[in-house]
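Read off the chains here:
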Amino acid sequence: IFLEGYFIDTYEVTNAQYQVFNQAHEFAPGLEHYPVVNVTWDEADAYAKWIGKRLPTEAEWEKAARGADGKIFPWGNEFDPSRCNTQESGEHHLTPVNRYPTGLSSFGVCDMTGNVLEWTADRYKPYAWSSHQSPDYDEEFIVLRGGSWIHPESQATCFTRLYAPAENRSNFIGFRCVKDLE
């Protein structure tokens with residue numbers, strides 16, 4: 001897939017960043033630099049537009065995670081629980097967005113595996129080249145990428161597709177933004 005140039009945020013949107021947009025957003029003291037969670041797809045999309053960006057397409061997200069050489073995990077092809085916040089890390093809760101500096105993708109993007117699943121701009125539909133069928137295709141589901149703190153290694157690869165209804169709020173779903181290269 002050819003992608004036009006874009007910039008992707010190094011980190012997931014944090015509670016402190018989101019609170020500037022939505023002053024009613026509440027979070028416990030000390031969690032300013034943790035990813036914002038419990039936001040719907042519409043709320044994430046509204047924040048992205050407000051800041052002059054947008055949510056990444058599924059392809060943009062995957063490219064930023066896998067790099068030009070198509071890694072399984074952002075850092076390489078072998079899983080390492082010390083590089084991400086997944087079930088295997090033993091954290092069992094969210095962590096600050098800068099907690100895993102050795103888990104960066106080759107493009108310097110943090111937390112592309114673990115911490116929170118991330119909303120994308122895409123609906124859950126089959127890939128054009130795939131014969132895979134799902135009863136949930138063509139429904140009102142949004143693609144989520146990245147795995148989270150509750151997901152095992154097998155659901156936290158750079159190519160794993162998960163999905164949820166756009167109105168879903170969860171303590172393990174967040175987002176990051178992208179900006180088109182002009």
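Rules behind the numbers
Residues numbered from 1 in each chain as written. Predicted model: local features only at pLDDT ≥ 70, side-chain atom pairs only at ≥ 80, totals over all residues. Heavy atoms only, no water. Helix = DSSP H or I, 4+ residues; strand = E, 2+ residues; numbered from the N terminus. Buried < 20%, exposed > 50% of the residue type's maximum accessible area, 1.4 Å probe, protein only. Polar contact = N/O pair within 3.5 Å; in protein donor to acceptor, adjacent residues only side chain to side chain. Phe/Tyr/Trp six-rings, centres within 6.5 Å; stacked < 30°, edge-to-face > 60°. Lys NZ or Arg CZ within 6 Å of the ring centre and 35° of its normal. Core = buried A, V, L, I, M, F, W, Y, C linked by side-chain atoms within 4.5 Å. Contact = heavy atoms within 4.5 Å. Pairing = 2+ DSSP bridges.

Enquirer: Explain unusual backbone geometry to me, and be specific about the residues and the numbers.
Expert: Positive phi, close to 60 degrees, is recorded for N38, a residue that is not glycine. Along the chain, N38 falls in the loop between α1 (15-21) and α2 (41-50). Take N38: its relative accessible area is 37%, and that puts it in the partly exposed class. Residues other than glycine seldom take positive phi values, yet N115 does so here, at roughly 75 degrees.

Enquirer: So, the side chain of R176: which residues are in play, and what are the values?
Expert: In this fold, R176 is placed in the loop between β5 (173-174) and β6 (178-180). Looking at R176, its side chain comes within polar contact range of the main-chain oxygen of T10, at 3.0 Å. One polar contact links the side chain of R176 to the main-chain carbonyl oxygen of D111, over a distance of 3.4 Å.

Enquirer: Describe the packing of aromatic side chains, naming the residues involved and giving the relevant values.
Expert: Applying the stated rule across the entire model yields 14 aromatic pairs. Aromatic pair F73 and W75: ring centres 5.5 Å apart, planes at 10 degrees, arrangement stacked. We note that F73, like W75, is buried. Ring geometry for Y124 and Y137: centres 4.8 Å apart, planes at 50 degrees, overall tilted. Of this pair, Y124 sits in the loop between β2 (117-123) and β3 (141-145) while Y137 sits in the loop between β2 and β3, placing them 13 residues apart in sequence. For the pair Y124 and Y137, a shared accessibility class is recorded, and that class is buried. Across from the ring centre of W41, 5.7 Å away, lies the NZ or CZ of R123, which sits over that ring. One cation-aromatic arrangement involves R161 over Y127; the distance from NZ or CZ to the ring centre is 4.1 Å.

Enquirer: Describe the nonpolar core, listing the residues and the values that go with them.
Expert: Core analysis: the biggest nonpolar cluster contains 19 residues, and V13, Y18, L55, W119, L144 and F175 have the highest contact counts within it. Listing elements by their share of this core, those giving two or more residues are α2, β2, β3 and β4 (162-165). When near neighbours in sequence (up to four residues on either side) are disregarded, V13 contacts Y18, Y34, P35, V36, Y47, F175, R176 and C177. One finds Y6, W61, A65 and C158 within the second-largest nonpolar core, a separate group that totals nine residues.

Enquirer: Go over the environment of T113, please, and point to the residues and values.
Expert: The topology assignment puts T113 in the loop between α3 (58-66) and β2. Placed 60 residues apart in sequence, T113 and K53 show a C-alpha to C-alpha distance of 22 Å. Apart from the residues within four sequence positions on either side, T113 is in contact with F73, P74, W75, C84, N85, T86, G146, A156 and C158. At 3.1 Å, the side chain of T113 and the backbone oxygen of A156 are in polar contact.

Enquirer: Account for the sheet that holds β2, naming residues and giving values.
Expert: Across the sheet, which stays open at both edges, the four strands sit in the order β4-β3-β2-β5 with mixed pairing between neighbours. Of all the strands in the sheet, just β4 and β5 have a single pairing partner and so form its edges. One ladder, built from two bridges, connects β2 with β5; its direction is parallel. Opposite L117, over in β5, you have I173 as the bridge partner.

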